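These are the residues of each chain, in order.
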Amino acid sequence: MYDYVVIGSGIIGSLITRELSKYAVKVLVIDKENDIASHQTTANSAIIHSGHDPKVGSLKAKFCVLGNKLYDDLEKELNIPLLRTGALVVANGKKEETALDELYQRALKNEVPEVSIISGEEARTLDPLLSKDITKALSLPTTKVTYPWEVAISAIGNAIKNGASFKRNAHVISIEKNSTHYVLHLKDGSTIASKNIINAAGVNSDVIASYLEEPEFKITPRKGEYYVLDRKAVGLFHQVIYPLPTDAGKGVLIVPQVHGNVLLGPTSTLVEDKECYSNTKEGFSYIKQHLKRLSKEIPFDMIIRTFAGVRATSTYEDFYIKESKLHKGFYHVAGIDSPGLTAAPAIANYVVHELLNIQAPLKTAFDPIFQKPKPFHSLPFETQQKLVRENPKYGNLICKCEKITEQEIIDAIHGPTGNDTIKGIKKRARAGAGLCQGGYCEGLVLKIIARETNKPLTEINYYASDTPILVKETKTNEKN
Amino acid sequence: MKKTDLAIIGGGAAGLAAALSASGSSLSILVIEREKVLGGILNQCIHNGFGLHMFKEELTGPEYANRFIEDLRRENIDVLYGTTVIDIQKKDTFLLTLTSEVHGYETLEAKAVIIASGCYERTRGAVQLPGERPKGIMPAGSAQRYLNIDGYLVGKKVFILGSGDIGLIMARRMTLEGAKVLGVAEIMPYSNGLTRNIVQCLNDYDIPLFLSHTVTDIKGKNTLEQITIQQVDEQFNPIINTEKVFDVDTLLLSIGLIPDVALFDSLKMKKSPITKSAIVDQSLMTSVEGLFICGNALHVHDLVDWVSKEGEKAGKYAKQYLLANRINPKNSKAIVPGDHIRYVVPHEIDFNNVTDDSVTLSFRVTKKMASGTFKVIQNGEVIQMKKAKYIAPAEMESLTIKLEELKSFDPITLSLEETL
């Protein structure tokens, strides 16, 4: 019997789990997918917003500004990458300048630190590739960029170290309530018993809620398409560049990424399918068209990857963070769309300390630190040589584009938050995330996974269960 | 620190030929190969048809590579196996950072370097192919490697986007292994593969080729389920009501090869936006003195025989450069691609460092023609002509300029005129 089961291992579920692991409670985080953080957390802009955009007085505003600060702690404790870019919201002409000024006032009311309005000239001094048409900009120096799924994976890694558990491929299909606890029924026929449930199921949070009640919110999924430039684009843009926000969202952005890539996007379209991750020709044209207002010098020929994410926007106008009115111990952390990534650590604090009202003293054994080796290619030459002497697997380069060694692949496979799929390894070690997109290293990674997990090559999945890359041995091999 | 006179990066067709032609003097040569065997991509090309020009025989890829590998052994040329170059810098000499499981990190000093690192396959992301992203979509060459080296099929119902030669070869290969290949779509109005491959790999197996078609949708959450192809107009925009739907578990991409030279960006060699690789003179030297390049790392070839010939050239000129230990101040003039010519290699002639009496140009055309005339033009005057038949963008053309026919040290233009 668990004290808490957290449904969903995205950024929200993972940080709540970590926060719970600070106390003497028994916690399990589950995910229906074959990995940690497979949906919204793997497909978003990766920005830690400053808090200029949300409506004054909303939870979104409060948790965004607070969450932004809390990422500095996560950086120290979980060793996550954090790129301090700062951001500019740019305005083009008098009419937009008026809107920009309103946004500035909102940022002040939201208590965003260090904000200021700068001239177009000043904006271009900071980011020379910005369009000449930009007349003014709102400067947001506290804006940062992170690597979202690494935050989730590290948070769960740290939570496991402090006594929590993680279970993947745990797809809840119904929930039963009895006098003392809840029973979660999983697709594979097994059950999980827990005194409390925290519903952090992202786009499916209304489905989870509906197992016990008619929810007050409904998810209205909104798709965003993105385009990724090769990391050769590093340095072209120094800050996150936003246009003025609209009702549909923050608009099409330019976002420098922690590994040097530049992200372009997103679009914003209502979709029916909650897991609709398709890119479209229209989406690409939309992005190209809208980016013209920000910069006319974007090297679209450096695109190496396209992807799409679905925001868990809900019919409730703010984040929906409440206990069920009917079922005590059933908590919803739902409708977490932008700025959800930024707000996540503040939401986790709020859920654990205010909503669950856990105020008991920290476990004495709680260790907030999660160590993760630095990427091998980023180490000084002497350190690299020393490590290779001790372990020759560091000398075997597997992913040439991102300079990832065999030992780093092995590290990504093993451990409590390891993963045994091609995409899982890409998420953890970045093998296959570069220019050739795994054209060279995928087969090598596949063989390392098979060797390390002692499985046949035909059982190594691309990502989800039952997605083997190699489906059949050839006739020649069958005979042998 | 390890030292060598000449470092050759890559032990595939280009690197092998370069090493052999550079050998035979007192110069030390080191071939650096990331795999544990030499031969590069030839090892996975188990079909025949290699060597018609080099050996007047039809060999398989591994057999073709072996001819060179045996010669390399006879010449006692040093090879570093399982070794990847991860950085290269130039001061007076080249400093290469190497890594391998056996020797770990080490620095190699070389007086000259030949890049023979081949090419990589253009990816789905690079062409913004629309649709979902399930498993089952991969470059044709990756599928070829899984099949021919590892012995596994990646799918059973296959569609192929792009009519590049690897895609065509894989259409036949997967059919022979029991997979059903439902078709090949090519966005251009002509095939990008060799005619013999269209005939022997598609026509012989009744696999349809849809010209002026591209994939416009991909469906499947975790595993590929369905693709849609559509006819495109002259601007490559899909035409409505031309949709054709195929239920497949595999989509192979054969949509182009790109020289794999990202490693050398640190040397700031001048590059061509067309070939996406170095600009070279007639000795295949890049804008960086002592840095040579050949094979698919320089421009993508249609036949391996031409890769070997180019490798031989690079080896020969690198050896000349090292033995002379100097070059004259450069006087480089462009060889400009004119009408219907996409690019020309070499891109320049360095008139101050010419050592032969002729220069052979390798190039690609932009238009399919039944017949036409190539013209070498200097100062508005046609100085050489060559008639040709069945000219196609998929096939590399060549032409040799006799330098004595040039009237001056001015830029040269190569044009193609269609015979109507």
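Computed from a prediction, not measured in an experiment: that's the story for all the values here.

Caption draft 1: Representation of the overall build of chain A within the structure. Per the secondary structure count, chain A includes 13 helices and 23 strands. Dimensions of chain A along its principal axes, counting C-alpha atoms only, are 70 × 60 × 45 Å. Expressed as a percentage of its 480 residues, the buried residues of chain A come to 56%.

Caption draft 2: Examining the domain arrangement of chain B more closely. All names here are of chain B. As far as domains go, chain B holds domain 1 (1-121 + 257-327), domain 2 (123-255) and domain 3 (330-420). Computed over C-alpha atoms, the centres of domain 2 and domain 3 are 34 Å apart. Taken together, the contact pairs 5 residues of domain 2 with 5 residues of domain 3. Residue composition of the side of domain 2 that touches domain 3, grouped by class: 2 nonpolar, 3 polar and no charged.

Caption draft 3: Fine view of the confidence of the model for chain B. Across chain B, pLDDT averages 96, with 100% of residues at or above 70. Across the interface, the model reports ipTM at 0.96; the global pTM reads 0.96.

Caption draft 4: Region of interest: the domain arrangement of chain A. Residues and elements named next belong to chain A. Once the domains are mapped, chain A shows domain 1 (1-82 + 145-217 + 313-372), domain 2 (87-141 + 220-311) and domain 3 (376-479). Just the C-alpha atoms count here: the centres of domain 1 and domain 2 sit 28 Å apart. Looking at the side of domain 1 that touches domain 2, the elements that each hand over two or more residues are helix H2 (59-78) and strand E8 (144-146). Per-class residue counts for the side of domain 1 that touches domain 2 are 11 nonpolar, 13 polar and 2 charged.

Caption draft 5: Fine view of the nonpolar core. Core analysis: the biggest nonpolar cluster contains 262 residues, and Ile347(A) and Ile114(B) have the highest contact counts within it. For this core, the leading source of residues is helix H8 (residues 340-355) of chain A, giving 9 residues. For Ile347(A), the contacting residues outside a window of four places in its chain are Ile12(A), Phe63(A), Phe319(A), Ile321(A) and Val333(A).

Caption draft 6: Structural view of the sheet that holds strand E30 (residues 412-418) of chain B. Residue and element names in this part refer to chain B. Pairing within the open sheet is mixed, and its 5 strands lie in the order E25-E23-E30-E27-E28. Since the sheet does not close on itself, it has two edges, and those belong to strand E25 (348-350) and strand E28 (381-391), each with one partner. Averaged over all adjacent pairs, the angle separating strand axes in this sheet is 20°, with direction ignored. Across 9 bridges, strand E27 (residues 369-378) lies against E28 in antiparallel orientation.

Caption draft 7: Main features of the interface of chain B and chain A. Contact with chain B, which involves 35 residues of that partner, is made by 46 residues of chain A. Of all elements in the fold, only strand E6 (83-90), strand E7 (94-100), strand E8 (104-115), strand E9 (119-121), helix H3 (140-150) and strand E11 (152-153) of chain B reach the threshold of two or more residues within the side of chain B that touches chain A. The residue makeup of the side of chain B that touches chain A, split by class, is 12 nonpolar, 13 polar and 10 charged. Inspection of the sheet shows strand E23 (residues 472-473) of chain A paired to E11(B) by 2 bridges, in the antiparallel sense. Bridging from a neighbouring strand, Glu473(A) pairs with Tyr152(B) of E11(B).

Caption draft 8: Region of interest: unusual backbone geometry. Looking along the chain, the bond that leaves Gly265(A) and enters Pro266(A) is cis, with omega of 0°. On the secondary structure map, Pro266(A) appears in the loop between strand E16 (262-265) and strand E17 (269-270). A cis amide bond, omega 0°, links Val345(B) with the succeeding residue Pro346(B). Checked against the element boundaries, Pro346(B) lands in the loop between strand E24 (341-345) and E25. For Glu111(A), which is not glycine, the phi torsion reads 60° and is therefore positive. Considering the arrangement of structural elements, one finds Glu111(A) in the loop between helix H3 (94-109) and strand E6 (116-119). Judged by the 13 C-beta atoms lying within 10 Å of it, Glu111(A) is partly exposed. A positive phi angle, close to 50°, is found at Asn379(B), a residue other than glycine. Since 12 C-beta atoms lie within 10 Å of it, Asn379(B) is described here as exposed.

Conventions we followed
Residues numbered from 1 in each chain as written. Chains lettered and ligands numbered in written order. Predicted model: local features only at pLDDT ≥ 70, side-chain atom pairs only at ≥ 80, totals over all residues. Helix = DSSP H or I, 4+ residues; strand = E, 2+ residues; numbered from the N terminus. Buried ≥ 20, exposed ≤ 12 C-beta atoms within 10 Å, placed from the backbone. Domains from an automatic or database assignment. Contact = placed C-beta atoms within 7 Å. Nonpolar A, V, L, I, M, F, W, Y, C, P; charged D, E, K, R; others polar. pLDDT = per-residue confidence, 0-100. Core = buried A, V, L, I, M, F, W, Y, C linked by C-beta atoms within 7 Å. Pairing = 2+ DSSP bridges. Axes fitted to C-alpha atoms, helices over the stretch in contact; angles between N-to-C directions.

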